[in-house]
There are 2 protein chains.
Amino acid sequence: MADVNSEQIAASILKGEIRAAAKLMREIDDGLPRALDTLKLLYAHVYKAQIWGITGSPGVGKSTLTDALVTKLRGEGKTVGVVAVDPTSPFSGGAILGDRVRMQRHATDEGVFIRSLATRGHFGGITASTRGVVTVMAAMGKDVVIIETVGVGQDEVDVVAAADTTLVVTVPGMGDDVQAIKAGILEVGDVFVVNKADRDGVEATASQLESMLAMDRDAPRRAGWMPPVVQTIASQSRGLDQLLEAIEGHRAVLTSDDGKLLAERRRERARMEVMDILKARTLRMLEERVEQNGRLQEMADAIADGRMDPYTASENIMAGIF
Amino acid sequence: MADVNSEQIAASILKGEIRAAAKLMREIDDGLPRALDTLKLLYAHVYKAQIWGITGSPGVGKSTLTDALVTKLRGEGKTVGVVAVDPTSPFSGGAILGDRVRMQRHATDEGVFIRSLATRGHFGGITASTRGVVTVMAAMGKDVVIIETVGVGQDEVDVVAAADTTLVVTVPGMGDDVQAIKAGILEVGDVFVVNKADRDGVEATASQLESMLAMDRDAPRRAGWMPPVVQTIASQSRGLDQLLEAIEGHRAVLTSDDGKLLAERRRERARMEVMDILKARTLRMLEERVEQNGRLQEMADAIADGRMDPYTASENIMAGIF
């Protein structure tokens, strides 16, 4: 049951108040139960925003591309939210190099809201937290919410795969990256970007991607959409018109036929979102019960001394807590 | 209680039989309960091997470095196990580029056992599986077991942080990588490697790392050990003597003072290993119960239609299953 306080916070966020939104996002980060009461009231507004995911290996220029897209969208009068889930993102703190501060030029623009989430320290809750922050930004009235995350790790991929449109970014000549795409994130991309397209080998990388996509064209998620491969030089804002056209093209497919595909993607996202929340809650419950149980350290000592093994130890603890 | 079959398999693995080991590793991958019975019997042997972790962003040359280390160790007459947890690793399948097959030259060497683990598709169990495979390799009698994993994501970092000695690899001039280290994996490195040291900017990267480490020198895990920064060109097998010296230097610190630090690290590893197994079991239990509960799809449909929110849905399901 939502209390009066939750209703007030929700109302402030729906009016676009930045301080209320920032406060709720901190509560989401801290896993406070009252954050959930407010999120319940805001959730109905999540479908007002377009949600884009941007993923790729470190060093391919995801942040620069996000920055360039934000500038472009602002130029069209659209408001934007950015959620960066990436240890290498300049928004996640710890920037030690001067050239990683580009996004800060948006800091004084009220039409842009940027929030970073650190991946470390979360106990199973990073995907649930990310989705919560997306909901808050959509409720604030942002036209587009961009989720930026590194394309490694199941959680990171799941979170962008649940966007309306997912961009997979690579650069020319990085065999490793094409392989990373091949190995894990090929199937989640709706639009592929070869960034730093002034480098050698851009055509080879683009055509390698195109042949891989051609082989994968009957994947269920595709539903007849052949993901385009767009070349950009994000640092010079080049190729952005083509990129936005590709995203719009994908949106047109999603919303055609009475929005059948968009509805399907939303059902899939809803399913994942419920599972994420269940996982986060279950792991928190596990952590609390292991703490209460109080036998973990004693077991760890016995294992390190060779008197026990971790499988027997976990069976003993499991029997005591569930 | 271990059955006769488990005892037979364990005995075969302790004799170094490759087929028995490979079979058990597949069972670990598939999450079969009988794999745990065998692992219980093998666990006491895990401390016979030195366990090294190698981590770093995609493209820094982790696999090439691992390959060069394997060759070097084999030259010294040592046997080696390699566990690769990395979507960009050549061992994880899907290699589309001819130059990613170096490690295959060890395929006919009985003193080397290589096993890759895909990170996708695992439901909370990748760290537990990895540790299980490490146990099998140690039980086979491998002198050194190397865990290679990409340095992004909590699970990936946890798994190498639990090694006896953890190597963090970067390359010159990749600002992003130094930042990734800063943001997440600085504190887990016992030895730092600047690979591809024939590239421009190697000295700048090395000294940047050294200053970051100097600031971090009082971290509890350090225990007086100042992690050295070693320059290598793995593709030409250069710098490996210095790297092995650095690893040996760290081992000397771990084993000095009656092995106090090594014992401490093992207790920490045991604690993490028990938690990993508990997490994997708990998430499997969650998945089964959600399946039995059977209301997830109906809830997802209601959410996508705007009739419900995922927080209320997860509360409803949670109440029904725990």
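Residues numbered from 1 in each chain as written. Chains lettered and ligands numbered in written order. Predicted model: local features only at pLDDT ≥ 70, side-chain atom pairs only at ≥ 80, totals over all residues.

All names here are of chain A. Notably, S237 is not glycine yet its phi reads approximately 55°, a positive angle. Considering the arrangement of structural elements, one finds S237 in the loop between β7 (229–231) and α9 (240–293). For D257, which is not glycine, the phi dihedral falls at a positive 55°. Judged by local crowding, D257 falls into the exposed class, with 11 C-beta atoms found within 10 Å. (Helix = DSSP H or I, 4+ residues; strand = E, 2+ residues; numbered from the N terminus. Buried ≥ 20, exposed ≤ 12 C-beta atoms within 10 Å, placed from the backbone.)

Here the focus is the sheet that holds strand β4 (residues 144–150) of chain A. Residues and elements named next belong to chain A. A sheet is described by the order of its strands in space; here seven strands give the open sequence β3-β2-β4-β1-β5-β6-β7, paired in parallel fashion. Of all the strands in the sheet, the pair left with one neighbour each is β3 (112–117) and β7. Across the sheet, the mean angle from the axis of one strand to that of its neighbour is 20°, orientation sign disregarded. Relative to β7, strand β6 (residues 191–194) runs parallel, the two being bridged by three bridges. Across the sheet, the residue bridging to V193 is V230, located in β7. In this fold helix α4 (residues 62–75) packs onto β1 (50–56), β2 (80–85), β3, β4, β5 (165–170) and β6, with an angle of close to 175° to the strand it touches most, β4. In the packing of α9 onto the sheet, contacts are made with β1, β5, β6 and β7, and the angle to β6 comes to roughly 170°. (Pairing = 2+ DSSP bridges. Axes fitted to C-alpha atoms, helices over the stretch in contact; angles between N-to-C directions. Contact = placed C-beta atoms within 7 Å.)

Before going further, it helps to spend a moment on the sheet that holds strand β3 (residues 112–117) of chain B. All names here are of chain B. Read from one edge to the other, the open sheet built from seven strands follows the order β3-β2-β4-β1-β5-β6-β7, with strand pairing classed as parallel. If you trace the sheet from one side to the other, it starts and ends with β3 and β7 (229–231), each paired once. Taken over all neighbouring pairs, the strand axes of this sheet differ in orientation by 20° on average, direction set aside. Lying on the sheet, helix α4 (residues 62–75) is in contact with β1 (50–56), β2 (80–85), β3, β4 (144–150), β5 (165–170) and β6 (191–194); it crosses β4 at an angle near 175°.

Right, let's get into the environment of B:A246. Residues and elements named next belong to chain B. Among the structural elements, A246 can be located in helix α9 (residues 240–293). Judged by the 21 C-beta atoms lying within 10 Å of it, A246 is buried. The spatial distance from the C-alpha of A246 to the C-alpha of V230 is 7.9 Å, given a sequence separation of 16 residues.

Okay, the packing of helix α5 (residues 126–139) of chain A against α9(A) next. Residues and elements named next belong to chain A. One can describe the packing of α5 onto α9 by two numbers: an axis separation of 8 Å at closest approach and a directional angle of 130°. The angle between the axes of α5 and α9 places the two elements in the oblique class. Pair α5 / α9 crosses with left-handed handedness. Between α5, through T127, A128 and R131, and α9, the contact on the second element is made entirely by E273, D276, I277 and A280. Tallied by class, residues from the contact of α5 with α9 come to three nonpolar, one polar and three charged. (Parallel < 35°, antiparallel > 145°, perpendicular 65-115°, else oblique. Left-handed = near helix turned anticlockwise from the far one by under 90°. Nonpolar A, V, L, I, M, F, W, Y, C, P; charged D, E, K, R; others polar.)

Looking now at the confidence of the model for chain A. Residue and element names in this part refer to chain A. For chain A, mean pLDDT is 85; residues scoring 70 or higher make up 85% of the total. Predicted confidence in chain A is weakest over helix α7 (residues 175–185), with a mean pLDDT of 55, and strongest over β7, with 97. Confidence drops under pLDDT 50 across residues 88–102; counting only partners more than four residues distant or on other chains, this segment forms 42 contacts. Here the predicted complex scores 0.82 on pTM and 0.86 on ipTM. (pLDDT = per-residue confidence, 0-100.)

Let us look at the pairing of β2(B). Residue and element names in this part refer to chain B. In terms of residue burial, β2 counts as a mostly covered element, since six of its six residues are buried. The alternating pattern of β2 places V80, V82 and A84 on one face and G81, V83 and V85 on the opposite face, and all of these are buried. When β2 meets β4, the two strands line up parallel, connected through six bridges. Bridged to V82 within β4 is I146.

A separate point is the packing of α9(A) against helix α10 (residues 296–304) of chain B. As a packed pair, α9(A) and α10(B) sit with axes 8 Å apart at the nearest point and diverge in direction by 125°. In terms of orientation, α9(A) lies oblique with respect to α10(B). Note that α9(A) runs across α10(B); the crossing there is right-handed. In this structure, α9(A) contributes A:A263, A:R266, A:R267, A:A270, A:R271 and A:V274 to the contact, and α10(B) contributes B:L296, B:Q297, B:M299, B:A300, B:D301, B:I303 and B:A304.

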